[in-house]
Amino acid sequence: MIDKKSETEAEKEICEVVGRIVLMASLLDNQLNAVLVAALSLGGKALTLAVVAALDPARKVEILKAFVTPISNDEWKKPVLRYADGVEKVNRARNLAAHSMVIDSGGEHVLATNSVAKLLKATDRKSRAIKRVPLNTLSNASDLALKVYKEGESVIANFGRVELERNRRGAAAQR
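Predicted model only: the values in this text are computed from it and were never measured. For every chain, the first residue of the written sequence is number 1, and numbering continues from 1 along that sequence. Given that this is a predicted model, residues contribute local features only at a pLDDT of at least 70 and side-chain atom pairs are listed and counted only at 80 or more, while totals for whole chains, interfaces and linings are drawn from all residues. Values reported for side chains reflect all heavy atoms of the structure, with hydrogen atoms and water molecules removed beforehand.

**Thoughts on the overall build of the chain**
For step 1, the next point in the chain: For helices the rule is a DSSP run of H or I covering at least 4 residues; for strands it is a run of E covering at least 2, with both sets numbered from the N terminus onward. A tally of regular secondary structure across the chain gives six helices and three strands.
For step 2, the next point in the chain: Think of it in three bands: residues with accessible area under 20% of the maximum for their type are buried, residues over 50% are exposed, and the middle band is partly exposed, with areas taken using a 1.4 Å probe on protein chains only. A buried classification covers 29% of the 175 residues belonging to the chain.
For step 3, the next point in the chain: It only takes one pair of heavy atoms within 4.5 Å for two residues to be counted as in contact. Taking contacts inside the chain between residues at least 6 apart in sequence as the whole, the part at least 24 apart equals 63%.
For step 4, the next point in the chain: When the accessible surface of the chain is summed, it comes to about 11,500 Å², and 56% of that surface belongs to carbon and sulfur atoms. Here the Shrake-Rupley method, with its probe set to 1.4 Å, supplies the accessible areas, and only the displayed protein chains count as covering residues.

**Focus: the nonpolar core**
For step 1, the next point in the chain: Among buried residues, the Ala, Val, Leu, Ile, Met, Phe, Trp, Tyr and Cys ones that are joined through side-chain atoms within 4.5 Å form a nonpolar core. I21, L64, Y83, L135, L138 and F159 are the most contacted members of the largest nonpolar core, which totals 32 residues.
For step 2, the next point in the chain: Mapped by element, the contributors of at least two residues to this core are helix 1 (4–39), helix 3 (57–68), helix 4 (74–98) and helix 6 (136–174).
For step 3, the next point in the chain: The element contributing the most residues to this core is helix 1, with 13 residues.
For step 4, the next point in the chain: Discounting residues that sit within four places of it in the chain, L135 has contacts with I14, V17, V18, H109, V110 and L111.

**What about the pairing of strand 1 (residues 100–105)?**
For step 1, the next point in the chain: Judged from the six bridges that link them, strand 1 and strand 2 (residues 108–113) form a sheet pairing that is antiparallel. What sits directly across from S105, in strand 2, is E108.
For step 2, the next point in the chain: Strands qualify as paired when DSSP identifies two bridges or more between them. Connecting strand 1 to the next strand, strand 2, in antiparallel fashion are two residues, including G106 with a positive phi near 65°.

**Quick notes on the confidence of the model for the chain**
Do not read the predicted coordinates in detail wherever pLDDT is low.
For step 1, the next point in the chain: Per-chain confidence: the chain averages 84 in pLDDT, with 87% of residues scoring 70 or above.
For step 2, the next point in the chain: Within the chain, the element-level pLDDT minimum falls on helix 5 (residues 116–122), averaging 54, and the maximum on helix 3, averaging 96. A residue's pLDDT is the predictor's confidence in that residue, given on a scale from 0 to 100.

**A word on the sheet that holds strand 1**
Across a sheet, paired strands are connected by hydrogen bonds in the backbone, their directions being either parallel or antiparallel.
For step 1, the next point in the chain: Pairing is antiparallel across the open sheet formed by three strands, whose spatial order is 1-2-3. Each having just a single partner strand, strand 1 and strand 3 (133–134) make up the two edges of the open sheet.
For step 2, the next point in the chain: Relative to strand 3, strand 2 is paired through two bridges, and the arrangement is antiparallel. When the bridges of strand 3 are listed, L111 appears paired with V133.

**Some details on the pattern of salt bridges**
For step 1, the next point in the chain: One side-chain nitrogen of Lys or Arg within 4 Å of one carboxyl oxygen of Asp or Glu is enough to make a salt bridge. Across all of its chains, the model carries 10 salt bridges by this definition.
For step 2, the next point in the chain: The closest approach of N and O atoms between D56 and R59, which form a salt bridge, is 3.5 Å.
For step 3, the next point in the chain: The closest approach of N and O atoms between R59 and E62, which form a salt bridge, is 2.9 Å. With R59 and E62 both in helix 3, this residue pair falls three residues apart, about one helical turn.

**Section: the environment of L64**
For step 1, the next point in the chain: With respect to the helices and strands, L64 occurs in helix 3.
For step 2, the next point in the chain: Distance from L64 to A39, taken between C-alpha atoms, is 7.8 Å for residues 25 residues apart in sequence.
For step 3, the next point in the chain: Excluding its chain neighbours within four sequence positions, the residues that come into contact with L64 are L32, V35, L36, A39, V80, Y83 and A84.

**Details of helix 3**
For step 1, the next point in the chain: Taking 1.5 Å of rise per residue, 12 residues should cover 16 Å, and helix 3 covers 17 Å from first to last C-alpha, within 8% of that figure.
For step 2, the next point in the chain: When helix 3 is considered as a whole, its buried residues turn out to be K60, V61, L64 and V68. The arc that holds the buried residues of helix 3, viewed along the axis, is 100°, so those residues lie on one side. Expected span of a helix, by definition, is 1.5 Å for each gap between consecutive residues, and there is one gap fewer than residues. Relevant arc is that of directions from the helix axis to the C-beta atoms, nothing else.

**Brief notes about the packing of helix 3 against helix 4**
For step 1, the next point in the chain: Axes, fitted as lines to C-alpha atoms, cover a helix only where it is in contact. Angles between the N-to-C directions of the axes lie from 0 to 180 degrees. Where helix 3 contacts helix 4, the axes come no closer than 10 Å and their chain directions differ by 165°. Relative to helix 4, the element helix 3 is oriented roughly antiparallel. The element helix 3 and its partner helix 4 pack so that their crossing is left-handed. Contacts between helix 3 and helix 4 pair P57, V61, L64, K65 and V68 from the former with K77, V80, L81, Y83, A84, D85, V87, E88 and N91 from the latter. The cut-offs work like this: below 35 degrees is roughly parallel, past 145 is roughly antiparallel, 65 to 115 is roughly perpendicular, and the gaps in between are oblique. Should the near helix be turned anticlockwise from the far one by less than a right angle, the crossing is termed left-handed; should it be turned clockwise, right-handed.

Put into structure tokens, the structure is as follows:
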């Protein structure tokens, strides 16, 4: 039998891991708002950030990917696509953390869904076993979120440089 102290320690660890990925996903979503505003040159308009923030994160990623698809320069395109893919992965981990229950599976904590539709998708038809996700998967996603956040900062800076160049060319054309 597990003593009370180890149960409390396990609970704290679970809450830390789940809480970290949920908060990191929120941080990335906020950064994604800034990336979209910079990429689409929406800055300086009233309530723009609030409108962008109201979009679902999955739609924001779709918009960003669609925006960079026509860019032919891989030096500009690849980092943005890497960033968008990273945000998608972190959001999947966030959804898993927020919408699953943690159960003890032979001394290891795993995430399991309690939604019937997801249970049917997660069931291996041959063995009739339900696929469960180890809790440390979320720790890996948390590390990925930090990496993606740093990449997002450079994406914002790149789009800022594009906007400065666009403004410079516009001012030169008006002379």
